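For reference, the chains in residue letters:
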Amino acid sequence: MALPLNRRAFCASLAAAALPRPSWAAGTGATPETLTAQKASVQLAPEGYPATPVWSYDGTIPGTTIRARQGDRITRRLVNALDEPTSVHWHGIRIDNAMDGVAGLTQEAVPPGATFDYDFAVPDAGTYWYHAHVNSMEQVARGLSGALIVEEPDAPDVDRDEVLMLGDWLLDPETGGFVEPFDHPMMMSHGGRTGNLVGVNGRYDFTLTARRHDRLRLRLINSANARIFQLGLQGMNGWTVALDGMPLDAPDDTTDIVLAPAQRVDLIVDITAEEGTPAGLLMRMDDDSWQALVEVTVAGQSARTVRDAPAALPPNPNTALPDLTQARNLTMAMEGGAMAGIDSALFEGERLDFRALIDRGQFWALAGQAGRTDTPFADLSRGEVVRLKLDNRTVFPHAMHLHGMHFRQVRADGSMGPLRDTILSIPNEPLEIAFAADNPGKWLFHCHMLAHAASGMTTWINVT
C-alpha cells in the first residue's frame, strides 16, 4: 500500500510538522547561534498514520529558516547530535570555499558529538537553502535541509513574503518510517528517489489565506531528492522576478513553472480569484491532471485594486555577462544509468566496465569518471571564462549544480540566459553553460538528483 499524492484523499484533520521559525543572522563577533542536526519525530502524513522518525535541524521539517540582510555575515555553530558524521552546504551562496560544507573537499566531516563553526558573508540577496553534504542522498531525504533568505536593502512592494519549501517523502504507511534502503539500485540507476507523499513546509496540506488583489512574494525552493515539479498558478497572475536567487533583468509573465531539484524561483503574484473561488499553486500529476500543492483561501478584498506589473528586483553585484571571446572550451559527457549504460569509466584510478562499476555501486559517469577524484575535472585560473558543453547521453534528466559560482546558459544563437546555480539537462538536448571562475577554491559540480551524485555523477573544479 502506497500513500497517495492527492491531498483530497486525506480527509483527516491537519497533520503538521512544526513550522520553521525565522532567525536573523548574527553579526560579526556575536556568539554563533547553534544549528543542531538531530533525530526527531514529526507527523508528516495525515493523522491516523504513524509519525515519522526524521533527521532534522533543530527538530523541525524543514529546519529553521535563516534570514539575513544583504552584506551581513551569517554565523552558525553546527552541533552534530546524530550517530554519523555530517556537514552543512549553503546552497547557491557565493561564499568563501572553506565554508562551503563539502566533506572531504572543503572541510572534514563533523563527527557525532562534535561542532563546526560556519562564518561567511552573504553578498547576494535572494532565495537560497542549506542542507547536509555527507551522505546527502540519505541525510537530505531524512529531513536535513532548511531555507536561507537574504533580504534586499529595499524590499519589493508586496503585502506578504512567503517561503514555500517543496519536498517529498517516501514513507511506509504501516510504520510511518522512511522506505529503506536509501541506496536501492533501482533508484540509483533510474530517476532517483521520489516520494509517495508531497508537501510544502513539512505539511501535506499547506494552505495560505489572502485577500483578493493582495500581492505576494512566493519563494519556491525544491528540496526534493529527485522530483521535478511542474507547477501552475490558479486564481493568480504571476511574474518570475528571480531564479536561483539571482534577479531577472525584467519580471517575466509566468503561467507554468518547471522546478528541478535544488532550483529556486521567486514569484510575485497578484490574487485575482474572488472570495470562495479556487486559487493556489498547482502541481501536474503523473496522469497529466492538476492538483493543488498550495491552496490559497481568498477571504475578503484588499483596498488596493489591480496594480501595474512589479518592478525588477535590484541586481546583485558581480553579475555582468562573461566575455566569451577568450573562453576556455570544455566538454563533459554524462553517461550511464538504466537503459543506456556505459562502456567503461575510471573509478578510484581503475578502468572498469559497466558491470564492474555496478558491483561497486557506481551507475553514472561524468567525463569518463565515476565519482569524485583526487584531481579536478579542470584547473582554472581566477577570472578565467569557461564554456562547458554538457552532453547528456543518458535517458534521464539531470539537475546539474555548480558550487560557489553562478553560470548562464549559452543559447543556440549565442545569447545568454539568466544566472543559475542549477540547470536541468535533458537527454539528447544540447546544453552549454558559461561562467567566469571568479571564486577561488575547490568547487563541486554534480547532479542534484542526489542518488545520481552518490553513484558516480560528482566531480569538481579547482580555481586558483
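Conventions we followed
- Residues numbered from 1 in each chain as written.
- Predicted model: local features only at pLDDT ≥ 70, side-chain atom pairs only at ≥ 80, totals over all residues.
- Heavy atoms only, no water.
- Helix = DSSP H or I, 4+ residues; strand = E, 2+ residues; numbered from the N terminus.
- Contact = heavy atoms within 4.5 Å.
- Buried < 20%, exposed > 50% of the residue type's maximum accessible area, 1.4 Å probe, protein only.
- Polar contact = N/O pair within 3.5 Å; in protein donor to acceptor, adjacent residues only side chain to side chain.
- Salt bridge = Lys/Arg side-chain N within 4 Å of Asp/Glu carboxyl O.
- Core = buried A, V, L, I, M, F, W, Y, C linked by side-chain atoms within 4.5 Å.
- Pairing = 2+ DSSP bridges.
- Axes fitted to C-alpha atoms, helices over the stretch in contact; angles between N-to-C directions.

Undergrad: Before we go on, may I ask you to explain the side chain of Q263 in this structure?
TA: Considering the arrangement of structural elements, one finds Q263 in the loop between β17 (256-259) and β18 (264-271). Residue contacts for Q263: discarding those within four places in its chain leaves L220, I221, N222, D244, V258, R420, T422, I423 and L424.

Undergrad: How should I be thinking about the side chain of R219 in this particular structure?
TA: Examined against the element boundaries, R219 turns out to sit in strand β13 (residues 215-222). According to the relative accessible area criterion, R219 is buried, its value standing at 0%. A distance of 2.9 Å separates polar atoms of two side chains, one belonging to R219 and the other to D161.

Undergrad: So what exactly am I meant to see when it comes to the pattern of salt bridges here?
TA: Two side chains with opposite charge may pair up if their charged atoms get near one another. All chains considered together, the criterion is met by 28 salt bridges. The residue R77 makes a salt bridge to D117 at a minimum N-O spacing of 2.6 Å. Residue R77 is located in strand β5 (residues 73-80), and its partner D117 is located in strand β7 (residues 115-121); the two are separated by 40 residues in the primary sequence. The exposure class assigned to R77 is partly exposed, which follows from its relative accessible area of 30%. In this structure D117 comes out as partly exposed when scored by relative accessible area, which is 35%.

Undergrad: Any chance you could explain the nonpolar core here in plain terms?
TA: When a protein is soluble and globular, its nonpolar side chains tend to lie buried together. Membership of the largest hydrophobic core comes to 37 residues, with the highest contact counts inside it found for F435 and I461. Every residue in contact with F435, bar those within four places of it in the chain, is listed here: L380, E384, V385, V386, L402, M405, H406, F407 and I461. L216, L220, L293 and V298 belong to the second largest nonpolar core, which has 32 residues in total.

Undergrad: Looking at this structure, how should I read the sheet that holds strand β3 (residues 52-57)?
TA: Whenever strands of a sheet pair, they do so through backbone hydrogen bonds, lying parallel or antiparallel. Strand order in this open sheet of four strands is β3-β2-β5-β7, and the pairing throughout is mixed. Two strands lie at the open edges of the sheet, namely β3 and β7, each paired on one side alone. Averaged over neighbouring strand pairs, the angle between their axes works out to 25° when direction is ignored. Relative to β3, strand β2 (residues 33-42) runs antiparallel, the two being bridged by six bridges. Counted as the bridge partner of A40 is V54 from β3.

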